[in-house]
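A closer look at the structure
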Amino acid sequence: MGGTSSKLPKDLLSEYQELTFLTKQEILMAHKIFSELQDRENGPYSSRVSMEKVLTLPELKSNPFRKRICHVFSTSDMKDGSLSFEDFLDLLSAFSDSATLEIKSHYAFRIFDFDDDGTLDARDLEKLVNSLTGETDDTRLTAEEMRQLISNILEESDIDKDGTVNLSEFQHVISRSPDFVSSFKIVL
């Protein structure tokens, strides 16, 4: 079953093209990669790929948010970060060059919202900074540097001054960042 020999039916291919920002070629490449990650004994459309296997992809291996990316795009009831083929397509679609700023910023916000409470608070921002700078003694900010940085981020971003950044505030900040769309991508 599974494996690289399984073909994607034409009707499904057309449906995926309509529902994503991916081209036919990108969907076929995604299918090939996903099939290679799958366990051979499971069927091609019912099985999920474990987060551990997804994280072996070169496109994710060095991304500091790789586990959060899997958790955000996973529809698994087990909350284990495993991906179905459609989850994998959603992930690739959101990170594609064709995805809109609104889509990209929505998913970036969800990835950075480590506690999944719908806001970026000081704890989320601290995890975000540590993910970007690395968590070694050489790269970790001091407590005072972290406090100052979070204060500066909230000063710039927290429009309603409630001590957190909500999605619309985040999207407002991102809209003023010209490099965001081009840097928020994964190319197969």
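Residues numbered from 1 in each chain as written. Predicted model: local features only at pLDDT ≥ 70, side-chain atom pairs only at ≥ 80, totals over all residues. Heavy atoms only, no water.

The secondary structure content of the chain amounts to 11 helices and zero strands. When the helices and strands of the chain are placed in sequence order, the string is α-α-α-α-α-α-α-α-α-α-α. Evaluated residue by residue, the chain yields a buried proportion of 43% over its 188 residues. The contacts of the chain with a sequence gap of at least 6 include a subset with a gap of at least 24, amounting to 57%. Looking at the chain as shown, the accessible area adds up to about 10,700 Å², and 52% of this sits on carbon and sulfur atoms. When the 21 basic and 35 acidic side-chain charges of the chain are each reduced to a single mean position, those positions are 7 Å apart. (Helix = DSSP H or I, 4+ residues; strand = E, 2+ residues; numbered from the N terminus. Buried < 20%, exposed > 50% of the residue type's maximum accessible area, 1.4 Å probe, protein only. Contact = heavy atoms within 4.5 Å. Areas by Shrake-Rupley, 256 points an atom, 1.4 Å probe, with all protein chains shown as cover. Lys, Arg positive; Asp, Glu negative; His and termini not counted. Charge placed at Lys NZ, Arg CZ, Asp CG, Glu CD.)

If you check the backbone angles, Lys79 has positive phi at about 55° while not being a glycine. With respect to the helices and strands, Lys79 occurs in the loop between helix H5 (66-73) and helix H6 (85-94). Its identity as a non-glycine residue notwithstanding, Asp116 has a phi of 55°, on the positive side. Relative to the helices and strands, Asp116 is located in the loop between helix H7 (101-112) and helix H8 (122-133). Relative accessible area serves as the criterion here: at 56%, Asp116 is assigned to the exposed category.

This paragraph deals with the packing of helix H1 (residues 10-19) against helix H2 (residues 24-37). It is at 10 Å that the axes of H1 and H2 come closest, and there the two elements cross at 115°. In terms of axis orientation, H1 runs roughly perpendicular to H2. Judged by the twist between their axes, the crossing of H1 over H2 is right-handed. Together, Leu13, Tyr16 and Gln17 of H1 and Lys24, Ile27 and Leu28 of H2 make up the contact between the two elements. (Axes fitted to C-alpha atoms, helices over the stretch in contact; angles between N-to-C directions. Parallel < 35°, antiparallel > 145°, perpendicular 65-115°, else oblique. Left-handed = near helix turned anticlockwise from the far one by under 90°.)

This chain's UniProt record puts "domain: EF-hand" (unreviewed entry) on residues 100-135 and 145-180. Within the segment residues 100-135, helix and strand shares are 67% and 0% respectively, and the terminal C-alpha atoms sit 32 Å apart. Here residues 145-180 runs as 64% helix and 0% strand, with 25 Å between its end C-alpha atoms. (UniProt positions renumbered as here; feature names shortened; annotations may be inferred.)

Another aspect to go through is the environment of Phe180. Relative to the helices and strands, Phe180 resides in helix H11 (residues 180-183). The spatial distance from the C-alpha of Phe180 to the C-alpha of Leu22 is 19 Å, given a sequence separation of 158 residues. Discounting chain neighbours no more than four positions away, the residues touching Phe180 are Leu101, Lys104, Ser105, Ala108 and Ile174.

This part is about the side chain of Asn130. For Asn130, the position within the fold is in helix H8. When residues no more than four places from it in sequence are discounted, the contact partners of Asn130 are Glu135, Arg140 and Met146.

Of all the residues in helix H10 (residues 167-175), the buried ones are Glu169, Phe170 and Ile174. Along the axis of H10, the buried positions cluster into a sector of 135°, meaning they face one direction only. Looking at the buried residues of H10, the elements they touch are H7, helix H9 (143-157) and H11. (Arc of directions from axis to C-beta.)

Attention now moves to the pattern of salt bridges. Under the counting rule described, the total for this entry stands at six salt bridges. Arg68 is the salt-bridge partner of Asp116, the closest N and O atoms lying 3.0 Å from each other. Taken together, the residues span a long stretch of sequence, with Asp116 in the loop between H7 and H8 and Arg68 in helix H5 at a distance of 48 residues. Look at Arg68 and you get buried, because its relative accessible area is 12%. (Salt bridge = Lys/Arg side-chain N within 4 Å of Asp/Glu carboxyl O.)

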